[in-house]
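Each chain, letter by letter, is given below.
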Amino acid sequence: MNVRSITNEEIGKFELLGASEQAKPALNLLKWIEGGRTQLDLCFVIEKDNQFLGRLIYGFFEEQPDDLKIWQLKMTDTDYDRCEIGNQLLGESIKQLTAKTFKTIEYHLYSTTPEAFEAYKQIFKTQGFTVEQEKKN
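About the criteria used
Residues numbered from 1 in each chain as written. Predicted model: local features only at pLDDT ≥ 70, side-chain atom pairs only at ≥ 80, totals over all residues. Heavy atoms only, no water. Core = buried A, V, L, I, M, F, W, Y, C linked by side-chain atoms within 4.5 Å. Buried < 20%, exposed > 50% of the residue type's maximum accessible area, 1.4 Å probe, protein only. Axes fitted to C-alpha atoms, helices over the stretch in contact; angles between N-to-C directions. Helix = DSSP H or I, 4+ residues; strand = E, 2+ residues; numbered from the N terminus. Parallel < 35°, antiparallel > 145°, perpendicular 65-115°, else oblique. Left-handed = near helix turned anticlockwise from the far one by under 90°. Contact = heavy atoms within 4.5 Å. Nonpolar A, V, L, I, M, F, W, Y, C, P; charged D, E, K, R; others polar. Pairing = 2+ DSSP bridges.

(A) Quick peek at the nonpolar core. Phe44, Leu56, Tyr58, Ile70, Leu89 and Leu90 are the most contacted members of the largest nonpolar core, which has 20 residues in total. Counting 12 residues, the second-largest nonpolar core is a separate cluster that includes Ile6, Leu27, Val45 and Trp71.

(B) Geometry of the packing of helix 3 (residues 82-96) against helix 4 (residues 114-126). Axis separation between helix 3 and helix 4 bottoms out at 9 Å; the angle between their running directions is 40°. On the basis of the axis angle, helix 3 is oblique to helix 4. For the pair helix 3 and helix 4, the sense of crossing is right-handed. Along the contact surface, helix 3 presents Arg82, Cys83, Gly86, Asn87 and Leu90, while helix 4 presents Ala116, Ala119, Tyr120, Ile123, Phe124 and Thr126. Classifying every residue of the contact of helix 3 with helix 4 gives 7 nonpolar, 3 polar and 1 charged.

(C) Fine view of unusual backbone geometry. One non-glycine residue, aspartate 49, adopts positive backbone phi at about 50°. Along the chain, aspartate 49 falls in the loop between strand 2 (43-48) and strand 3 (51-61). Despite not being glycine, asparagine 50 has its phi angle at roughly 65°, a positive value. On the basis of relative accessibility, which here comes to 56%, the residue asparagine 50 falls in the exposed class.

(D) Geometry of the sheet that holds strand 1 (residues 2-5). Taken together, the 5 strands give an open sheet; going across it, the order is 1-2-3-4-5, and neighbouring strands pair in mixed fashion. Both outer strands of the open sheet, strand 1 and strand 5 (104-106), are each paired with one neighbouring strand and no more. Averaged over neighbouring strand pairs, the angle between their axes works out to 25° when direction is ignored. Pairing of strand 3 with strand 4 (residues 64-75) involves 7 bridges; the strand directions are antiparallel. Counterpart to glycine 59 in the pairing with strand 4 is lysine 69. Here helix 3 sits on the sheet and contacts strand 1, strand 2, strand 3, strand 4 and strand 5; the angle it forms with strand 3, its principal contact strand, is near 45°.

What follows is the structure, given as structure tokens:
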């Protein structure tokens, strides 16, 4: 599996990751880029045989240029292990970003199911993230 930034020509494919064939993708990446929320080189995929298995979007707030935010981590439903894909995508993308000048990486973890929430939480903990605050329902 390969982890890399996407190209301008791949934005449409990137946006469709995980969306059903009938549904219009909720992500409008060009709007995010034009609004200064992210940059193309901060949008990563993990792929195998030209198939995107997961995506990760980093970004920032103008007033906090040293603090990198993870706007979105999403993986497709495949036969591959979600934690394996997530760990490789997160770990390799962070390695590729080491030349950038940021001090922290932050992610607000949300999920629609408790199982997915725990899987994503485990991915972040495996990569060395710490839980700063945990809210109860």
